[in-house]
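This is what each chain is made of:
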Amino acid sequence: MTGTDLISQSAATRLDALALRYRKAGGVGLQVLNLVGNQAENLLERLPDGVKQRLEAATERALSIALEAAGQSRARVGDAPGWLNRAATTAMGAAGGFGGLPSALAELPVTTTVLLRAIQGIAAEHGFDPDDPEIRAECLQVFAAAGPLEHDDGTNMAFLSARVTLTGATVHGVIARVVPRLATVLGQKLAAQAVPVVGAVAGAATNFAYTSYYQEMAHVHFGLRRLAIDEGVPREALVDDLRRRLALPGQKG
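What you see is a predicted model; the values in this text were computed from it and never measured.

Evaluated as defined, the whole model comprises 4 aromatic pairs. Summarising the aromatic geometry, the rings of Phe143 and Tyr214 are spaced 5.2 Å apart at their centres and angled 65° between planes, so their arrangement reads as edge-to-face. Taken as a pair, Phe143 in the loop between α7 (133–141) and α8 (156–161) and Tyr214 in helix α10 (residues 199–231) lie far apart in primary sequence, 71 residues in all. Each member of the pair, Phe143 as well as Tyr214, is classed as buried. Ring geometry for Tyr210 against Tyr214: centres 6.5 Å apart, planes inclined by 65°, an arrangement best described as edge-to-face. Taken together, the residues Tyr210 and Tyr214, both in helix α10 and 4 residues apart, mark about one turn of the helix. Since its relative accessible area comes to 1%, Tyr214 is described here as buried. Members of the aromatic cluster, each reached through a chain of ring pairs, are Phe143, Tyr210, Tyr213 and Tyr214. The ring of Phe128 carries Arg225 above its face, with NZ or CZ at 5.0 Å from the centroid. A cation over an aromatic ring shows up here: Arg226 above the ring of Phe128, its NZ or CZ 4.5 Å from the ring centre.

Written out as structure tokens, the structure is:
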């Protein structure tokens with residue numbers, strides 16, 4: 001008997017809905033790969049060596065700027081609906097891609113800020129306070145997901161199961177853990193935007209896909225957290241149940 005064998009029927013229905021969101025998140029990147037005519041693993045090869053070498057530093061800077069800007073904007077502007085976040089980042093992606101790699105790099109922290117605000121809004125939608133240090137760290141943790149252009153082999157379940165242990169350096173620690181994964185994801189985005197001629201179109205499609213993906217993954221992440229609280233079931237047990245519903249392999253390593 002597993003930890004979720006005794007959950008209510010309504011909780012099982014909520015898990016089914018989260019599984020549907022998880023599948024939806026995994027299907028949004030195909031349009032981008034079709035547009036640029038490449039595989040995700042080959043996109044990074046299109047970036048100049050100098051950009052690839054600075055990618056993690058640029059990602060860490062973008063995430064730090066996003067965290068500060070998102071926190072300040074929450075005090076002045078309410079959370080936007082999902083469709084508006086997608087529209088905003090789609091327009092930013094088009095503008096960033098129009099000027100090629102330089103403008104795409106300049107657009108990176110702006111889009112990252114909107115993505116983080118969208119994640120924070122979803123946390124609030126599930127009843128959590130984005131200003132709470134633990135929830136702030138969990139919002140950042142959503143960026144540990146594999147990204148919309150990657151094939152899902154079940155490793156996303158690791159980030160869904162991860163628990164944030166609050167310390168004085170929690171946020172910086174989460175950023176440090178997230179940056180290597182997010183740098184690869186954003187590098188693919190930059191490479192797609194740098195494609196000659198279709199850079200603006202690719203930028204718009206990429207940002208739409210990325211926003212859709214992270215919004216869905218945030219719903220899964222905070223939906224599981226809320227369900228664990230409501231049912232009194234460990235989140236790890238719910239993640240295992242979700243994996244079975246999705247028929248995903250177990251975490252490797």
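Here the focus is the nonpolar core. Residues Phe143, Leu160, Tyr214, Leu224 and Leu242 are the most contacted members of the largest nonpolar core, which totals 71 residues. Setting aside chain neighbours within four positions, we find Leu242 in contact with Leu15, Leu18, Ala19, Tyr22, Met157, Leu160, Val220 and Leu224.

At their nearest, the axes of helix α9 (residues 170–193) and α10 sit 7 Å apart, and the two run at 150° to each other. With respect to their mutual orientation, α9 and α10 come out roughly antiparallel. Contacts from Leu182, Val185, Leu186, Gln188, Lys189, Ala192 and Gln193 of α9 reach α10 at Gly199, Ala202, Gly203, Thr206, Asn207, Tyr210 and Tyr214.

What follows is about the side chain of Thr206. For Thr206, the position within the fold is in helix α10. Judged by relative accessible area, Thr206 falls into the buried class, the value being 0%. Excluding residues that lie within four positions of it along the chain, Thr206 makes contacts with Val32, Lys189 and Ala192.

Below, the discussion takes up α7. Those residues of α7 lying buried are Ile135, Ala137, Glu138, Cys139, Leu140 and Gln141. If you check the start of α7, you find a side-chain oxygen 2.8 Å away from the backbone N of Glu134, and it comes from Asp132.

What follows covers the confidence of the model for the protein. Chain-level pLDDT for the protein is 80 on average; 76% of the residues reach the 70-or-more range. Mean pLDDT across the secondary structure elements of the protein bottoms out at helix α5 (residues 82–98), with 65, and peaks at α7, with 90.

What follows concerns the pattern of salt bridges. Enumeration over the complete set of coordinates arrives at 13 salt bridges. For Glu216, the salt bridge identified is with Lys24, shortest N-O distance 3.5 Å. Here Lys24 lies in helix α1 (residues 9–26) and Glu216 lies in helix α10, a separation of 192 residues in the sequence. Overall, Lys24 belongs to the exposed group, its relative accessible area being 53%. Taking the shortest distance from any N to any O, the salt bridge between Glu138 and Arg235 comes out at 3.3 Å. Residue Glu138 is found in helix α7, and its partner Arg235 is found in helix α11 (residues 235–246); the two are separated by 97 residues along the sequence. The exposure class of Arg235 is buried, given its relative accessible area of 3%. A cluster of three or more residues bridged by salt bridges with shared partners is formed by Asp16, Asp241, Arg244 and Arg245.

Calculation rules
Residues numbered from 1 in each chain as written. Predicted model: local features only at pLDDT ≥ 70, side-chain atom pairs only at ≥ 80, totals over all residues. Heavy atoms only, no water. Phe/Tyr/Trp six-rings, centres within 6.5 Å; stacked < 30°, edge-to-face > 60°. Helix = DSSP H or I, 4+ residues; strand = E, 2+ residues; numbered from the N terminus. Buried < 20%, exposed > 50% of the residue type's maximum accessible area, 1.4 Å probe, protein only. Lys NZ or Arg CZ within 6 Å of the ring centre and 35° of its normal. Core = buried A, V, L, I, M, F, W, Y, C linked by side-chain atoms within 4.5 Å. Contact = heavy atoms within 4.5 Å. Axes fitted to C-alpha atoms, helices over the stretch in contact; angles between N-to-C directions. Parallel < 35°, antiparallel > 145°, perpendicular 65-115°, else oblique. Polar contact = N/O pair within 3.5 Å; in protein donor to acceptor, adjacent residues only side chain to side chain. pLDDT = per-residue confidence, 0-100. Salt bridge = Lys/Arg side-chain N within 4 Å of Asp/Glu carboxyl O.

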